[in-house]
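What the coordinates show
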Amino acid sequence: MRIPPVSFGSLMVFRLDKPGAQLPLKDEVSLSFPDSNGDGGNHNLREYWLSSKPKYKEKIDGTVWNATKNFARKLDDEYKDEFKNNPKKVIFTTADFYVNPRETVEKHFITAATEEDEKKIHKVLSESSRYYVAKFGYKS
């Protein structure tokens, strides 16, 4: 039995500037996944289900070099126990990053159980023209 490699960083999702009213980013991303009844979503993501966490408690120092990449990897470590019983669970996380001592910017992350899962999710979500999905550290 082949054990899939664990992930090594979450996907980061951010909105592209578009005119007009827009859904909150989490709601827009959730449209790609099936709902609790297994209906809807992109057919390539039918096996996954999206869960969300409350906003991350701590504010991250975004002025530090590689802060976003390091946080994406930290999420994998924090959530790995949740994936043991639910390997097809996908977690949406929001966190505030300091851009200066008084101002923060909100960043959104998607974490899956394995690198292969994140690559598959990245490919499907990247088809959208309303938001952008980035992955840190893909192996060549």
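For the structure, see preceding data.
Owing to the predicted nature of the structure, the values given are computational and were not obtained by experimental measurement. (Residues numbered from 1 in each chain as written. Predicted model: local features only at pLDDT ≥ 70, side-chain atom pairs only at ≥ 80, totals over all residues. Heavy atoms only, no water.)

**Considerations on the pairing of strand E1 (residues 11–15)**
What counts is decided by this rule: Being paired, for any two strands, means DSSP has found at least two bridges between them. A run of DSSP states H or I qualifies as a helix once it reaches four residues; a run of E qualifies as a strand once it reaches two. Both are numbered from the N-terminal end.
Pairing geometry for E1 and strand E5 (residues 103–111), over three bridges, is antiparallel. Within E5, the residue paired with Met12 across the bridge is Phe109. Sheet topology places E1 next to strand E6 (residues 131–135); five bridges connect them, and they run antiparallel. If you follow Met12 over to E6, its bridge partner there is Ala134.

**Details of unusual backbone geometry**
Threshold: Buried residues are those whose accessible area, probed at 1.4 Å on protein chains only, stays under 20% of the maximum for their type, while exposed residues exceed 50% and partly exposed ones sit between those limits.
Unusually for a residue other than glycine, Asn66 sits at a positive phi of about 65 degrees. Mapped onto the fold, Asn66 is located in the loop between strand E3 (60–61) and helix H2 (67–85). The exposure class of Asn66 is partly exposed, given its relative accessible area of 27%.

**A short note on the pattern of salt bridges**
Cut-off, in case you're wondering: Salt bridges are identified by distance alone: a Lys or Arg side-chain nitrogen within 4 Å of an Asp or Glu carboxyl oxygen.
Evaluated as defined, the whole model comprises 12 salt bridges. Residue Lys55 is joined to Glu106 by a salt bridge in which the shortest nitrogen-to-oxygen separation is 2.7 Å. One end of the pair, Lys55, is in the loop between strand E2 (49–52) and E3; the other, Glu106, is in strand E5, and 51 residues separate them in sequence. Residue classification places Lys55 among the partly exposed positions, given a relative accessible area of 41%. For Glu115, the salt bridge is made with Lys119, and the minimal N-O distance between the two is 3.3 Å. Note that Glu115 and Lys119 are positioned in helix H3 (residues 115–125) at a spacing of four residues, about one turn of the helix. Look at Glu115 and you get buried, because its relative accessible area is 6%. Connected through salt bridges with shared partners, the residues Glu47, Lys88, Asp117 and Lys120 form a single ionic network.

**Section: the packing of aromatic side chains**
By convention here, two paired aromatic rings are described through the distance between centres and the angle between planes. Stated formally: In summary, the pairing rule links any two rings of Phe, Tyr or Trp, Trp by its six-membered ring, whose centres are within 6.5 Å, and it sorts them by plane angle into stacked for under 30 degrees, edge-to-face for over 60 and tilted for everything else.
Counted under the stated rule, the structure contains five aromatic pairs. The interplanar angle of 85 degrees and the centroid separation of 4.9 Å between the aromatic rings of Tyr56 and Phe71 together place this pair among those described as edge-to-face. Separated by 15 residues along the polypeptide, Tyr56 in the loop between E2 and E3 and Phe71 in helix H2 bring together distant segments of the chain. Here Tyr56 matches Phe71 in class, with each residue buried. Geometrically, the ring pair formed by Phe71 and Phe109 is edge-to-face, given 5.1 Å between the ring centres and 65 degrees between the ring planes. Pair noted here: Phe71 is in helix H2 and Phe109 is in strand E5, with a separation of 38 residues, a long-range link. Look at Phe109 and you get buried, because its relative accessible area is 0%. An aromatic cluster of three or more residues is present, and its members are Tyr56, Phe71, Phe97 and Phe109.

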